[in-house]
Amino acid sequence: MRMMGVLLPILLLTGCGGAVDLTQPDPVAPEAPTRTATVTAAGGKFSPAFVTIAQGGTVTWRFGGPHTVTFTGSAPPGGSIPLTGAGNAVSLRFAEAGDYDYVCTRHIAMGMRGVVHVEGRPRQGDTYH
Ligand SMILES: [Cu+2]
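Predicted model, so just to flag it, every value in this text is computed and none were measured.

Secondary structure assignment for the chain yields one helix and nine strands. Going residue by residue from the N terminus, the α and β elements of the chain occur as α-β-β-β-β-β-β-β-β-β. In the chain, buried positions account for 16% of the 129 residues. Contacts in the chain between residues far apart in sequence, at least 24 positions, make up 48% of those at least 6 positions apart.

As structure tokens, then:
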């Protein structure tokens, strides 16, 4: 009988400790930008028109009709994408951080424009004084 008195509290404690505490939020890791994004060029617009990627990441444009991806300021090493027909996909890699504004020269009057936002990161070998 003495054993039962000891065992019961232990079992209750175990049951409690094993339960998931839903009141505590999961620890949230700092959100890192993804390294890739896909933009659809169709129907007179880029969707999504604004994408964020990490430095060194890649954006792929999927063409649903004849469109261009023409950078109006900074351009990635591959440069702009000339007129490209439906069914094609073209990827560009962005080595440098910054904002890359672009338009479709055919449909600029329709407001067919987009932005690739490339988030920077400290480079290996950088020193801070
Ligand atoms: Cu277009």
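Counting residues in each nonpolar core, the largest one holds 17 residues, and the members touching the most others are Val39, Ala41, Val59, Trp61, Phe94, Tyr100 and Val116. Top element by residues in this core is strand S4 (residues 58-63). It accounts for three residues.

Right, let's get into the sheet that holds S4. Ordered in space as S2-S1-S4-S7, the four strands form an open sheet in which the pairing is mixed. At either margin of the open sheet sits one strand with a lone partner, and together these are strand S2 (45-47) and strand S7 (89-93). Here the average twist between neighbouring strands, direction ignored, is 25°. In terms of strand pairing, strand S1 (residues 36-42) meets S4 through six bridges, oriented parallel. Residue pairing for S4: Val39 is matched across the bridge by Trp61.

Structurally, Gly43 is set in the loop between S1 and S2. On the basis of neighbour count, Gly43 is assigned to the partly exposed category, with 13 C-beta atoms found within 10 Å. Along the sequence, Gly43 and Gly65 sit 22 residues apart, while their C-alpha atoms lie 7.6 Å from each other.

As a further point, take the sheet that holds strand S8 (residues 98-103). Sheet architecture is open: five strands sit in the order S3-S9-S8-S5-S6, paired in mixed fashion. Each edge of the sheet is formed by a strand with only one pairing partner; in this case those strands are strand S3 (50-54) and strand S6 (81-84). Sheet twist, expressed as the mean angle between neighbouring strand axes with direction ignored, is 25°. Where S3 lies against strand S9 (residues 113-119), five bridges are found, and the strand directions are parallel. Bridge pairing in S9 places Thr52 opposite His117.

Phi is mostly negative for residues that are not glycine, and the peptide bonds are mostly trans. Geometrically, the link from Ser47 to Pro48 is a cis peptide bond, its omega value of -10° lying close to zero. Tracing the sequence through the fold places Pro48 in the loop between S2 and S3.

With respect to the helices and strands, the residue Cys104 is situated in the loop between S8 and S9. Cys104 sits 37 residues away from His67 along the chain, and the two C-alpha atoms are 5.8 Å apart. Those residues within four positions of Cys104 in sequence are excluded, and the remaining contacts are Ala41, His67, Thr68, Thr70 and Met112.

Bringing the pairing of S8 into the picture now. Here strand S5 (residues 67-71) pairs with S8 via two bridges, running antiparallel. If you follow Thr70 over to S8, its bridge partner there is Val103. Summarising the sheet, S8 and S9 pair through six bridges and their orientation is antiparallel. Of the residues in S9, the one forming a bridge with Asp101 is Val115.

Cut-offs and rules
Residues numbered from 1 in each chain as written. Predicted model: local features only at pLDDT ≥ 70, side-chain atom pairs only at ≥ 80, totals over all residues. Helix = DSSP H or I, 4+ residues; strand = E, 2+ residues; numbered from the N terminus. Buried ≥ 20, exposed ≤ 12 C-beta atoms within 10 Å, placed from the backbone. Contact = placed C-beta atoms within 7 Å. Core = buried A, V, L, I, M, F, W, Y, C linked by C-beta atoms within 7 Å. Pairing = 2+ DSSP bridges. Axes fitted to C-alpha atoms, helices over the stretch in contact; angles between N-to-C directions.

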